[in-house]
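# Fold and contact review
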Amino acid sequence: MLLSNVGITLRDDQEETVSRHLDDQTIQAFRDKGAAVLRGIFSDWVDTLRDGVDANMADPDPTARIYKGENGGGRFFVDYCNWARIPEYKDFIFNSPAAEIGAELMDSRQVQLFHEHVLVKEAQTGVPTPWHQDAPYYCVEGPKTLSLWIPLDEIPRETTLEFVSGSHKWDKFFRPQRFDGSALNENDGLEDIPDINGNRSDYEIIGWPVSPGDAVAFDYRTIHGAPANTSASSQRRAFSLRLVGDDVRFVRREGIVTSPPFKEVTLQHGDSLAAEEFPVLLS
Ligand SMILES: O=C(O)CCC(=O)C(=O)O
């Protein structure tokens, strides 16, 4: 999947080398199915991200959530929007090829950070991640959106993130819920997500066993979820980077709580995403 640098001639007298990271097949899979695996793409960044997650868990944001299964077991730790205070996250966001990869997948000239999200399931965490789309949680809308879910441990097929192939093209938003199953907003006018686990054969469900350094790319509209971490001894750490491309807009949904809430952002509905919370990574 990794391609060597490709030289692109801009003018007779000027040649610029543009780095291409992905092959056409991977890009097409992301666009057709709404999710694709990128093997080994962040191998050089695993230690940095692991150090960042350690620092994040040692000093979580006050809004971090910890879910526990009914029968005890490990914790499901979830936190977001910490990149500005965690140097390892900043290093990854600004110095890794993530933004260039985002430009290739989204076919976008500009790539902006939306936020980062950390999701750690300790060994024997009996909490599945419910099936959901990310788009209806968010205060942004745009045709070009991307999450890069980056595993920091070996994750077998049985416990990895799964996707309903093609669901990013359903043109439907389902009610966002917290990971304990409670609705984020009671009266959002949206319908509940269908019972995917009860009818798995009705859907094309895709997912991959992954190793540290791989990434799974998906559109904010793609339905996804993950089983509980049944491993007796291995934790399941993941760092999810949220990027947006050209023409993304800020949206205010009256009376609706978004997640993350971005309470300090003063943009109006329909504004372009010009705020220090959302740095431009590539333009
Ligand atoms: O890691 C998980 O279990 C869920 C990840 C997820 O929902 C996301 O990154 O959007």
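Since the model is a prediction, treat every value here as computed from it, not as a measurement.

### A short note on the site of the ligand
Neighbouring the ligand are 13 residues, the closest being Thr129, Asp134, Trp149, Arg236 and Ser240. Between arginine 242 and the ligand, the recorded distance is 3.1 Å, taken from a side-chain N or O atom to an oxygen atom. About the coverage of the ligand: the protein hides 100% of its 290 Å² of free accessible area. Elements supplying a minimum of two residues to the shell around the ligand: strand 6 (111–121), strand 7 (129–132), strand 13 (224–226) and strand 14 (236–244). Considering only residue class, the shell around the ligand consists of five nonpolar, four polar and four charged.

### Comments concerning the nonpolar core
Counting residues in hydrophobic clusters, the biggest one holds 37 residues, and the most contacted among them are Phe42, Phe92, Leu105 and Leu148. Those residues within four positions of leucine 148 in sequence are excluded, and the remaining contacts are Leu38, Phe42, Ala98, Ile101, Leu105, Val216, Ala217, Phe239, Ser240, Leu241 and Leu243. Counting residues in hydrophobic clusters, the runner-up holds 19 residues, among them Phe76, Trp149, Ile155 and Phe163.

### Overview of the sheet that holds strand 10 (residues 162–164)
The strand order 7-13-10-11 describes an open sheet built from four strands, whose pairing is antiparallel. A single partner strand is all that each edge strand has here, and the edge strands are strand 7 and strand 11 (205–207). Recorded for the sheet is a direction-independent mean angle of 25° between the axes of neighbouring strands. Across two bridges, the pairing between strand 10 and strand 13 is antiparallel. What sits directly across from glutamate 162, in strand 13, is glycine 225.

### A short note on the pattern of salt bridges
Applying the stated rule across the entire model yields 15 salt bridges. Put simply, arginine 39 and aspartate 214 hold a salt bridge, and the shortest N to O gap is 2.8 Å. Linking arginine 39 in the loop between strand 3 (35–38) and helix 2 (46–58) with aspartate 214 in the loop between strand 11 and strand 12 (215–218), this pair joins segments that are 175 residues apart in sequence. Taking the shortest distance from any N to any O, the salt bridge between aspartate 188 and arginine 175 comes out at 3.0 Å. On the criterion of sequence distance, the pair formed by aspartate 188 in the loop between strand 10 and strand 11 and arginine 175 in the loop between strand 10 and strand 11 is long-range, its members being 13 residues apart. You can call aspartate 188 buried: its relative accessible area is 16%. Taking the relative accessible area as the measure of exposure, arginine 175 reaches 21% and is therefore partly exposed. Three or more residues joined by partner-sharing salt bridges are found here, namely Arg157, Glu162 and Arg200.

The rules behind these values
Residues numbered from 1 in each chain as written. Predicted model: local features only at pLDDT ≥ 70, side-chain atom pairs only at ≥ 80, totals over all residues. Heavy atoms only, no water. Near = heavy atom within 4 Å. Polar contact = N/O pair within 3.5 Å; in protein donor to acceptor, adjacent residues only side chain to side chain. Areas by Shrake-Rupley, 256 points an atom, 1.4 Å probe, with all protein chains shown as cover. Helix = DSSP H or I, 4+ residues; strand = E, 2+ residues; numbered from the N terminus. Nonpolar A, V, L, I, M, F, W, Y, C, P; charged D, E, K, R; others polar. Core = buried A, V, L, I, M, F, W, Y, C linked by side-chain atoms within 4.5 Å. Buried < 20%, exposed > 50% of the residue type's maximum accessible area, 1.4 Å probe, protein only. Contact = heavy atoms within 4.5 Å. Pairing = 2+ DSSP bridges. Axes fitted to C-alpha atoms, helices over the stretch in contact; angles between N-to-C directions. Salt bridge = Lys/Arg side-chain N within 4 Å of Asp/Glu carboxyl O.

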